[in-house]
Amino acid sequence: MKRIDALEIIASKCRDALIVCNIGFPCRELCSVGDRPETFYMLGSMGMSSSIGLGVAVAAPHKKVISIDGDGAILMNLGSLATIGSLNLDNYVLIILDNGAYGSTGSQPTSLSRNGSLSKIAIGAGISYVLEVQEKEELSAALDNIKKGVIVVKIETGNSKAPLVPYSPEEIKKNFMAAVSRPVQ
């Protein structure tokens, strides 16, 4: 599955959630298939989507929060997995899009691309629910059933030709903060 296909499924299945999306191409692609104020597009800070999303989930326990991170980005902040496991929040899901590469910086292979497992690392970090999927149908079903934990989505390497996110960092922050503050419907 291509990353943009995974993001399209996430956008369609997670309309009731606040989403924090990893930098670069994932943000561009998510914006192109499912732009909405409830999405915080990270335009910098590689590796911090999991931590920022976790902070949002702590601050807004009445809302479902999803972080989307790449495998390369999560490798830059493995400590977040231990914190996710320790807090075990009922409203937080981390989705790791695993293409075995640093997709936004030139598709250099990650250190786990040959023989490693982010699923096993997440389990070892104490995360109670970890699922690995490869097919669109598996991702769709996982999103229908997961309440908390980690989904590792195996995807192909490569970027789409999605346009840049059309908002300034200030606009992204303002829109997202308003969405966080809105009462749950």
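The text that follows walks through the structure, step by step, so that each part is easy to find. Because the structure is predicted, anything quoted here is derived from the model rather than measured.

What about helix 7 (residues 136–145)?
Among the residues making up helix 7, those that are buried are L139, S140, A142 and L143. For helix 7, the arc enclosing every buried residue in end-on projection is 165°, short of the 170-degree limit, so these residues lie on one face. Exposed residues pointing more than 90 degrees away from the buried face of helix 7 are listed as E137 and N145. Elements in contact with the buried residues of helix 7: helix 1 (3–13), strand 3 (64–70), strand 4 (92–98), strand 7 (130–133) and strand 8 (149–154).

Let's talk about the environment of S104
Relative to the elements of secondary structure, S104 occurs in the loop between strand 5 (101–102) and strand 6 (108–109). On the basis of relative accessible area, S104 is assigned to the partly exposed category, the value being 31%. Considered as a pair, S104 and G53 are 51 residues apart in the sequence and their alpha carbons are 20 Å apart. Ignoring any residue separated from it by four or fewer positions in sequence, one finds S104 in contact with I23, G24, F25 and P26.

Side note on the packing of aromatic side chains
Under the counting rule described, the total for this entry stands at 1 aromatic pair. Relative to F176, the ring of F40 has its centre 5.5 Å away and its plane inclined at 55°; by these criteria the two rings are tilted. Here F40, found in strand 2 (residues 39–41), pairs with F176, found in helix 8 (residues 169–181); they are 136 residues apart in sequence, far enough to count as distant. Taken as a pair, F40 and F176 share a single burial class, namely buried.

A few points about helix 2 (residues 25–34)
Because an α-helix completes one turn every 3.6 residues, residues spaced three or four positions apart along the sequence face the same direction. For helix 2, the tally of buried residues reaches 7 of 10 residues, placing the bulk of the element in the interior. Buried within helix 2 we find F25, P26, C27, E29, L30, C31 and G34.

Describing the sheet that holds strand 3
If you trace the 6 strands from one edge of the open sheet to the other, you get 2-1-3-4-8-7, paired in parallel fashion. Unpaired on one side and paired on the other, strand 2 and strand 7 mark the two borders of the sheet. Each neighbouring strand pair of the sheet contributes to a mean axis angle of 15°, computed without reference to strand direction. Here strand 4 runs beside strand 8; their pairing, made up of 6 bridges, is parallel. Across the sheet, residue I96 finds its bridge partner in strand 8, namely V152. Running over the sheet, helix 2 touches strand 1 (17–21), strand 2 and strand 3 and is turned about 145° from strand 2. The strands that helix 3 (residues 49–59) touches are strand 1, strand 3 and strand 4; relative to strand 3, the one it contacts most, it runs at about 175°.

A short note on the pairing of strand 3
Taking burial as the measure, the 7 residues of strand 3 include 6 buried ones, the bulk of the element. Sheet topology note: the strand 1/strand 3 ladder contains 5 bridges and is parallel. Of the residues in strand 3, the one forming a bridge with V20 is S67.

What counts, and where the lines are drawn
Residues numbered from 1 in each chain as written. Predicted model: local features only at pLDDT ≥ 70, side-chain atom pairs only at ≥ 80, totals over all residues. Heavy atoms only, no water. Buried < 20%, exposed > 50% of the residue type's maximum accessible area, 1.4 Å probe, protein only. Helix = DSSP H or I, 4+ residues; strand = E, 2+ residues; numbered from the N terminus. Arc of directions from axis to C-beta. Contact = heavy atoms within 4.5 Å. Phe/Tyr/Trp six-rings, centres within 6.5 Å; stacked < 30°, edge-to-face > 60°. Pairing = 2+ DSSP bridges. Axes fitted to C-alpha atoms, helices over the stretch in contact; angles between N-to-C directions.

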